[in-house]
Amino acid sequence: MKYIYSFDEGSKDQKELLGGKGANLCEMTSLGVPVPPGFVITTETCRDFLDTQRYPDGFDKEVALNLAKVEESCGKIFGDKDNPLLVSVRSGAAVSMPGMMDTVLNLGLNDETVQGMIAKTNNPRAAYDAYRRFVNMFSNVVLGLSHELFEEQMEAIKEARGVEFDTDLSENDLKELVALYKAVVQKHTGQPFPENPHDQLKFAIEAVFNSWNNDRAITYRKINNIGGLIGTAVTVQAMVFGNMGETSGTGVVFTRNPSTGEKVLYGEFLMNAQGEDVVAGIRTPKDIQSLQEVMPEAYSQLVDIKDKLENHYKDMQDIEFTIQESKLYFLQTRTGKRTARAAIKIAKDLVDEGLVTKEQALLKIDPECLGQLLHKQIDPRAELNVIATGLPASPGAASGVIVFESDEAVAADEHGHKVILVRKETSPEDIHGMHAADGILTSTGGMTSHAAVVARGMGKCCIAGCSDIIIDKKHRKIITRDGIEITEGTIITLNGSTGEVIFGEVPMVEPEITGEFSEILNWADQAKRLQVRTNADNPEDAKTAREYGAEGIGLCRTEHMFFEEDRIQAMREMILSDSEEGRRKALAKIQPMQKNDFREIFKVMDGYSVTVRLLDPPLHEFLPFFDKKIEILADSLGVTFEQLKNKIESLHEVNPMLGHRGCRLAITYPEIYQMQARAIIEAGIEATKDGAKVIVEIEIPLVGNASELKVLRREIQEVIDEYESAIKFEVKIGTMIEIPRACLTADEIAEHADFFSFGTNDLTQTTYGLSRDDAGKFVNTYIERGILGHDPAQKLDQAGVGALMKIAVEKGRSKDENLEIGICGEHGGEPSSVEFCHNIGLNYVSCSPFRVPVARLAAAQAAIRHS
């Protein structure tokens, strides 16, 4: 195995092996860009080291050979006391993770080599400045000592000398600092600072490898859904010095503005400084345009090379540079991170400039970032007091007063207060409170819990499964893991994009929808094959989804309609009735209400298909849980509290999600689906008369046996046949595929289905054998320990759940090659899951309204990648 690549051996196409930084340094070298020489230790070597905590056989020999090449190129010797070579040791994963892993600069300095540096540069101040920086950085990264220990020494000597900035310290001051820093190391480690440069290099490489698993890096990968990487590469590169006086400096530039996308050079620099000074904020950097006045030749060369790099990579670049005694060097280039607004503008401009095609431009936009354009976001300049972190269940941001009950949320909203509804977990009974709230916070549940699914559908900010808090409803407060108590009525802020709970109110930025955004999505529609539908249960959500480009409704959940105040009573009467006659009487009250709902949805979706899922949840969800509410319901029904309580308890199931729900309810109580079928058909007839083109798909949930579908289809068809002469629109009957057995017997089920729709929320939990509402308690541990690469509720498990989906597609289409198949679980708006759906030949994906633009772009990218 080859462990190391010299900069003149690799290329930009080897990011998986050399990391982004290493691959791009190799590429810049091949382009003739002035890059200090160096070499890259591969990610495979990192993986092997992390597995064994030792270097592989032959590694030391490869390091020596490559170090000799750098020495020859620079005309210096590593560890030589007269003409020393100094190096930097930096991390660099295949996916950019800025600042998350470790770096060591100025490596190779000791009490002898610093004298050689002084002799060669005739700049003792710069030499001791580099030396004190090295001791500080090495001690922090490799020896694990806090930066603060060294900052205390720095502040003390500045105060003693009466100066404000470290640049005001003299050569002797810096020399003294080196001694003070070494004394700190001796005191806190019991060992002297390592003087041998080869030992320093070995220890630094180990530290950078180990930083792959530091808390920062793990958290960053988790937040950004980065998985499947084996480790970080390490670049070892000859040092160039920006701290050698006023003809030297360092800076970071973007070839375009990363916030707006405007085509202007954007960045900052510092004279007489090293790279960490720009980032650390010890001194205030200057705008890059000022470099034109300070060093016009270097500025001109910087502009020429940034254009060369952008034209070569055909994308906005993030560049690090150093000027050493008027000579410009490039230390890094990478694709620049940008806001969603900038991503849209840059993609459009790159096409207009002829640098890329429309298809190439679409591939440069992260679909997930489009959420920034549709939801309020926390102002990136705001200072945050983060008190807890949960799952980022629904994007956006919201501030409001804490309330613990849905009724209180409604009351507060009616009085003009912004509200955060805090619950252990929400249930369908909380729908009114969720609607009134600006944001929802739950201490349990996962990414597909009730709170998460409903909040996404409403476009509301939500954090679920926040185990960092304990909800003390009795004393009306929440208690954080750190013991902070926050009482009801206190203002908090939720960042649904990161899962952060923030104390107090923080400034927000409003979403921006531009003409360029619409144009980009039009390009996506031209490129994609998959249809993108939406999950919507009411006309308002349907209208929002259409505005975002939805091509129909892939899931209309009918149970949410039953929780409106004017119909929950009739629903409860139906559930508690002991006779079919009583149930039909109660259902007759609900039918016209359901009909009106469906009619308005059909009118909004004029000309587009609407898939209506018949009643799915277990009946106990419609009944009150607390004694006080049971008493109120008992009074209204004219029964005793004990009678009603016993009835409710009789409906209790040990595992209701695998119990009496979905099609099983209709097998037991056929009148429920018959009523719903009547409401759907009558709504279609009325909407057609109003001028709408109706296309309706009636979906029967939780089918695991073909006979279930056969029986229920026949009963629903009998209802439809009653209206045969009045029906002037298309009606299909199909099923949700959400149980493994349904996938394995899909050929039998297809004989009775006009369409399939994968309900991957339930299919995931039934395949894994875990409850999506409880998995949040331990899934993160599985991810942190590398057992799972991601939460399967967030990103489709292609190896397991996906394999079942493939079987279902193959078996279903073996009976009907034109069988329409889609997906309506929450995965329908997750980009990698959308790509999988494209690859296995589905007809459509369906997601919440605010995910529709994300799915449109993801579907286009899938089509482009696999064309």
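Residues numbered from 1 in each chain as written. Predicted model: local features only at pLDDT ≥ 70, side-chain atom pairs only at ≥ 80, totals over all residues. Heavy atoms only, no water.

Concerning a nonpolar patch on the surface
Step number 1: Together, Phe778, Tyr782 and Ile787 line one region of the surface with nonpolar side chains, adding up to about 290 Å² of accessible area.
Step number 2: On the basis of relative accessibility, which here comes to 52%, the residue Ile787 falls in the exposed class. (Patch = residues over 30% accessible without salt bridge, like charges linked within 9 Å, V, L, I, M, F, W, Y side chains within 5 Å. Areas by Shrake-Rupley, 256 points an atom, 1.4 Å probe, with all protein chains shown as cover. Salt bridge = Lys/Arg side-chain N within 4 Å of Asp/Glu carboxyl O. Buried < 20%, exposed > 50% of the residue type's maximum accessible area, 1.4 Å probe, protein only.)

So, the packing of helix H4 (residues 113-121) against helix H5 (residues 124-141)
Step number 1: In the contact formed by H4 and H5, the axes pass within 8 Å of each other and the chain directions differ by 145°. The element H4 and its partner H5 pack so that their crossing is right-handed. Taken together, the residues of H5 that come into contact with H4 (itself represented by Val114, Gln115, Met117 and Ile118) are Pro124, Ala126, Ala127, Tyr128, Ala130 and Tyr131.
Step number 2: When grouped by side-chain class, the residues that make up the contact of H4 with H5 number nine nonpolar, one polar and no charged. (Axes fitted to C-alpha atoms, helices over the stretch in contact; angles between N-to-C directions. Helix = DSSP H or I, 4+ residues; strand = E, 2+ residues; numbered from the N terminus. Left-handed = near helix turned anticlockwise from the far one by under 90°. Contact = heavy atoms within 4.5 Å. Nonpolar A, V, L, I, M, F, W, Y, C, P; charged D, E, K, R; others polar.)

Regarding unusual backbone geometry
Step number 1: With phi around 50°, Asn272 is a residue other than glycine that occupies positive phi space.
Step number 2: Within the secondary structure, Asn272 is located in the loop between strand S9 (266-271) and helix H10 (275-280).
Step number 3: The class of Asn272 is buried, set by a relative accessible area of 13%.
Step number 4: Although it is not a glycine, Leu702 adopts a positive phi angle of roughly 65°.
Step number 5: If you trace the backbone, Leu702 turns up in the loop between strand S29 (695-700) and helix H26 (706-721).

Quick look at the packing of aromatic side chains
Step number 1: Throughout the structure, instances matching the rule amount to 14 aromatic pairs.
Step number 2: Centroid distance Phe150 to Tyr181: 5.1 Å. Interplanar angle 85°. Geometry classified as edge-to-face. On the criterion of sequence distance, the pair formed by Phe150 in helix H6 (residues 147-161) and Tyr181 in helix H7 (residues 171-189) is long-range, its members being 31 residues apart.
Step number 3: With a relative accessible area of 0%, Phe150 lands in the buried category.
Step number 4: Three or more aromatic residues joined by ring pairs form one cluster here, namely Tyr3, Phe49, Tyr55, Phe59 and Phe209.
Step number 5: The ring centre of Tyr5 lies 5.0 Å from the NZ or CZ of Lys2, which sits over that ring.
Step number 6: If you follow Arg533 out to its NZ or CZ, it ends over the ring of Tyr844, 3.8 Å from the centre. (Phe/Tyr/Trp six-rings, centres within 6.5 Å; stacked < 30°, edge-to-face > 60°. Lys NZ or Arg CZ within 6 Å of the ring centre and 35° of its normal.)

So, the sheet that holds strand S28 (residues 609-613)
Step number 1: The strand order around the closed barrel built from eight strands is S26-S27-S28-S29-S30-S31-S32-S33, with neighbouring strands paired in parallel fashion. Here the strands of the sheet are splayed against their neighbours by 25° on average, with no regard to which way each runs.
Step number 2: Across three bridges, the pairing between strand S27 (residues 553-557) and S28 is parallel. Of the residues in S28, the one forming a bridge with Ile553 is Val610.
Step number 3: Docked against the sheet, helix H31 (residues 801-815) engages strand S31 (755-758) and strand S32 (820-823), running at close to 180° with respect to S31. (Pairing = 2+ DSSP bridges.)

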